[in-house]
Amino acid sequence: MLGFSVTRSNSCCTAPSTFSILPFYTSSIQPGSGVLADIRPSLSQLRLKPIKATVMSAPESESPCMVTKQALISLSDKKDLAMLGGGLQSLGYKIVSTGGSASALENAGILVTKVEKVTCFPEMLDGRVKTLHPYIHAGILAKRDLKHHMSALSDHGIGTFDVVVVNLYPFYDKVTSTGGVEFEEGLENIDIGGPAMIRAAAKNHKDVVVVVDPQDYTALLEFLKGNLDDHQFRRRLAWKAFQHVAAYDSAVSEWLWKQSGGDKFPPSLTLSLSLQGSVRYGENPHQKAAFYADKRLSEFGAGGIAMAVQHHGKEMSYNNYLDADAAWNCVSEFTDPTCVVVKHTNPCGVASRDDILEAYRLAVKADPVSAFGGIVAFNVEVGEELAKEIREFRSPTDGETRMFYEILVAPKYSQKGLEVLRGKSKTLRILEAKKNERGKLSFRQVGGGWLAQEADDLTGQDIQFKVVSHKSPLENELRDAKFAWLCVKHVKSNAIVIAKNKCMLGMGSGQPNRIESLRIALRKAGKEVKEAALASDAFFPFAWKDAVEEACESGICIIAEPGGSIRDKDAIDCCNKYGVSLVFTDVRHFKH
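Because the structure is predicted, anything quoted here is derived from the model rather than measured.

A. Seen up close, the overall build of the chain. When helices and strands are counted, the chain shows 19 helices and 24 strands. Counting across all 592 residues of the chain, residues that qualify as buried make up 45%. Put simply, of all contacts in the chain between residues at least 6 apart along the chain, 60% involve residues at least 24 apart. Only carbon and sulfur atoms are counted for the fraction: they give 52% of the accessible area of the chain, which is about 30500 Å².

B. Region of the structure containing the state of the cysteines. In this structure the tally under the stated criterion is zero disulfides. Summary of cysteine pairing: Cys330 is not part of a disulfide, and the nearest cysteine sulfur, belonging to Cys487, is at 5.7 Å.

C. Examining the pattern of salt bridges more closely. Considering all chains together, one arrives at 29 salt bridges under this definition. A salt bridge links Lys489 to Glu333; its shortest N-O distance comes to 2.8 Å. With a gap of 156 residues between them, Lys489 in the loop between α16 (475-488) and β20 (496-499) and Glu333 in the loop between α11 (318-331) and β12 (338-343) connect regions that are remote in the sequence. A single burial state applies to Lys489 and to Glu333, both of which are buried.

D. The arrangement of the confidence of the model for the chain in detail. In the predicted model, the chain carries a mean pLDDT of 85, and the fraction of residues at 70 or more is 89%. Note that residues 1-67 has pLDDT below 50 and, in this model, 90 contacts with residues that lie over four places away or in other chains.

E. Region of interest: the packing of helix α4 (residues 134-141) against helix α8 (residues 193-203). It is at 8 Å that the axes of α4 and α8 come closest, and there the two elements cross at 25°. The orientation of α4 relative to α8 falls into the category roughly parallel. Residue-level inspection shows Ile136, His137, Ile140 and Leu141 of α4 in contact with α8, the latter providing Ala196, Met197, Ala200, Ala201 and Lys203. Split into classes, the residues belonging to the contact of α4 with α8 amount to seven nonpolar, one polar and one charged.

F. Structural detail: the packing of helix α1 (residues 81-90) against helix α9 (residues 217-226). Two elements in contact, α1 and α9, have axes separated by 10 Å at closest approach and are oriented at 5°. Classified by the angle between their axes, α1 and α9 sit roughly parallel to one another. Two secondary-structure elements touch here, α1 through Met83, Leu84, Gly87 and Leu88 and α9 through Tyr217, Thr218, Leu220, Leu221 and Leu224. Class assignment of the residues belonging to the contact of α1 with α9 gives a composition of seven nonpolar, two polar and no charged.

G. Focus on the environment of Ala452. Along the polypeptide, Ala452 turns up in strand β18 (residues 449-454). What makes Ala452 partly exposed here is its relative accessible area of 36%. Along the chain, Ala452 and Phe265 lie 187 residues apart, while their C-alpha atoms are 8.0 Å from each other. If near-sequence neighbours (up to four positions away) are discounted, Ala452 is found in contact with Phe265, Ser442 and Phe443.

H. Geometry of the pairing of strand β7 (residues 163-166). Going residue by residue along β7, you find Val163 and Val165 tucked away on one face and Val164 and Val166 tucked away on the opposite face as well. Pairing analysis gives four bridges linking strand β4 (residues 70-74) to β7, with the strands arranged parallel. Bridging from a neighbouring strand, Ser74 pairs with Val166 of β7. By the bridge criterion, three bridges tie β7 to strand β8 (residues 209-211) in an arrangement that is parallel. Residue pairing for β8: Val164 is matched across the bridge by Val210.

I. Structural context of the packing of aromatic side chains. One pass over the structure, following the stated rule, counts 11 aromatic pairs. Here the aromatic cluster, defined as three or more aromatic residues joined through ring pairs, consists of Phe171, Phe183, Tyr248 and Trp255.

J. Local environment of the sheet that holds β4. One open sheet holds the five strands; their spatial order is β6-β5-β4-β7-β8, and the pairing between them is parallel. Lying at the two open borders of the sheet, with one neighbouring strand each, are β6 (113-114) and β8.

K. Up close: the nonpolar core. If you look at the biggest cluster of nonpolar residues, it comprises 40 residues, and the most contacted ones within it are Val350, Val409 and Val497. With seven residues, the single largest contributor to this core is α16. The contacts of Val350, once residues within four sequence positions are left out, are Cys330, Phe334, Thr338, Cys339, Val340, Ala363, Phe483, Cys487, Lys502, Cys503 and Met504.

L. Main features of the side chain of Ser469. Here Ser469 shows up in the loop between β19 (466-467) and α16. Judged by relative accessible area, Ser469 falls into the buried class, the value being 9%. Polar side-chain contacts of Ser469 include one of 2.9 Å to the backbone nitrogen of Leu582.

M. Broad picture of the environment of Gly555. Note on placement: Gly555 falls in the loop between α18 (547-554) and β23 (558-561). When its relative accessible area of 16% is taken as the criterion, Gly555 is described as buried. It is 6.3 Å that separates the C-alpha atoms of Gly555 and Val529, two residues lying 26 residues apart in sequence. Once residues within four sequence positions are removed from consideration, Gly555 is found in contact with Val529, Lys530, Glu531 and Ala532.

N. Representation of the side chain of Ser74. Secondary-structure assignment places Ser74 in strand β4. Residue class for Ser74 comes out buried when judged on its relative accessible area of 15%. Only 2.9 Å separates the side chain of Ser74 from the side chain of Thr98, close enough to count as a polar contact. Apart from the residues within four sequence positions on either side, Ser74 is in contact with Thr98, Ser101, Val165, Val166, Asn167 and Met197.

Criteria and cut-off values
- Residues numbered from 1 in each chain as written.
- Predicted model: local features only at pLDDT ≥ 70, side-chain atom pairs only at ≥ 80, totals over all residues.
- Heavy atoms only, no water.
- Helix = DSSP H or I, 4+ residues; strand = E, 2+ residues; numbered from the N terminus.
- Buried < 20%, exposed > 50% of the residue type's maximum accessible area, 1.4 Å probe, protein only.
- Contact = heavy atoms within 4.5 Å.
- Areas by Shrake-Rupley, 256 points an atom, 1.4 Å probe, with all protein chains shown as cover.
- Disulfide = S-S within 2.5 Å.
- Salt bridge = Lys/Arg side-chain N within 4 Å of Asp/Glu carboxyl O.
- pLDDT = per-residue confidence, 0-100.
- Axes fitted to C-alpha atoms, helices over the stretch in contact; angles between N-to-C directions.
- Parallel < 35°, antiparallel > 145°, perpendicular 65-115°, else oblique.
- Nonpolar A, V, L, I, M, F, W, Y, C, P; charged D, E, K, R; others polar.
- Pairing = 2+ DSSP bridges.
- Phe/Tyr/Trp six-rings, centres within 6.5 Å; stacked < 30°, edge-to-face > 60°.
- Core = buried A, V, L, I, M, F, W, Y, C linked by side-chain atoms within 4.5 Å.
- Polar contact = N/O pair within 3.5 Å; in protein donor to acceptor, adjacent residues only side chain to side chain.

If you want it as structure tokens, here you go:
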């Protein structure tokens, strides 16, 4: 029988344990050989016998208990680290730090203790394990007002941390980088030790100040300088810490779901939203409101009004965002140079022309009363000439009143164009936006829950316009029907759009019955309705002495609708009677 005694001892570790390992061997030592022969112990032959632990005291110079104030720093984003380290050092804090952060502090001439000197354990597993150690987490989590907590620290020679400053591996930036990353690289950018320290410090924020944002360094140093016991300050930083980790985990969860081949609707979903700014009020002055950007990975670089750059004008209001979003989504549908005018989220004027100035004039002319105070959007660059036209254009109703708009939206502006537009009004909001990518999810809140759906991003190229009437449409008639169809999907249901020569003549929106929407659209179109195209966002439930027949009698030459009604034959027969072309799309565009 052979006995081996294994002892763990280190000057900076105060409680090593000593064990005797007593293996038993069935083979014997060959007489006179001086060597062990054929030693192959099995698990069943191995017994562990613990020996009483030996406590070894660390030298006073190494004992963390001798330090009254300690700060733990572990940063991926090292912005303003030198300023932070210098400030903490001047306030008498001993700084403990990990690898790269420690090196950066040393390079800045700041005294720093590397974390492995505290844990008595080297960084291992390619950096996966650095701070996951009782000497770190006990020092963070110990409640200073609990005697048995502090006694436990004293028994083990563990010092407390008063400040923890941590931010995390750049997972979000890595997985959203151009070309993306391989799965294994993505995994290696998931931080483990960082979130653990942040959560520990935030939980014990009564005793530990936790900071995750470089923007808070100045406030931290001022707080520590004042030696104040501001519980609200600590709580706000703790909230921010937990929110930081929650957003981080949300991105990891979203990425892993996609990597696992999951569909668009996971069993649970966390929306990570970032406050972009306050707005004066909500839909009405008595409602407080704010604007948040969607920080999901799927929204990164995916365009939309939330990421628009504002070049000029007053701050955006709640209603401004809704209207600008509606205008931008509508104008982005078109490939020809197009102008869209929106009021209360409904397009009241749309026109496409090779000459964008003409398109602008026609879009305003469609409903100049509604256009006044509305939102104007273009799908082409706004240059100096167009900007001057926008600045000087007079209302078609009297030829004198200069048109006023709340917002302009476009994909780009020339420098001269911006200069001209800034001179139109101090309040005019000028937004530069990127087109929404296809395939997004759309969310809508209801009491106690959320509805999620795929965005309605089908284009004219995705839809077959099937002729179901005797009369086949002429090329220009079908073109106008497709134009009207792109417009009607952006009008609130029940929706009717009348168009001709790639210009909206009239629209009816939001009526409880389709025939009322039709009558509103016909009234706005006036005499120009003759030989125009009509699009309906849903099928016509009735034809005779109803919407279809009224449309035919008014002079409409082609109707585009989804079809699908049990009375589709009535609509077909009615159109045949009046010699009107009827096309079915098999696609409904309800918008509530």
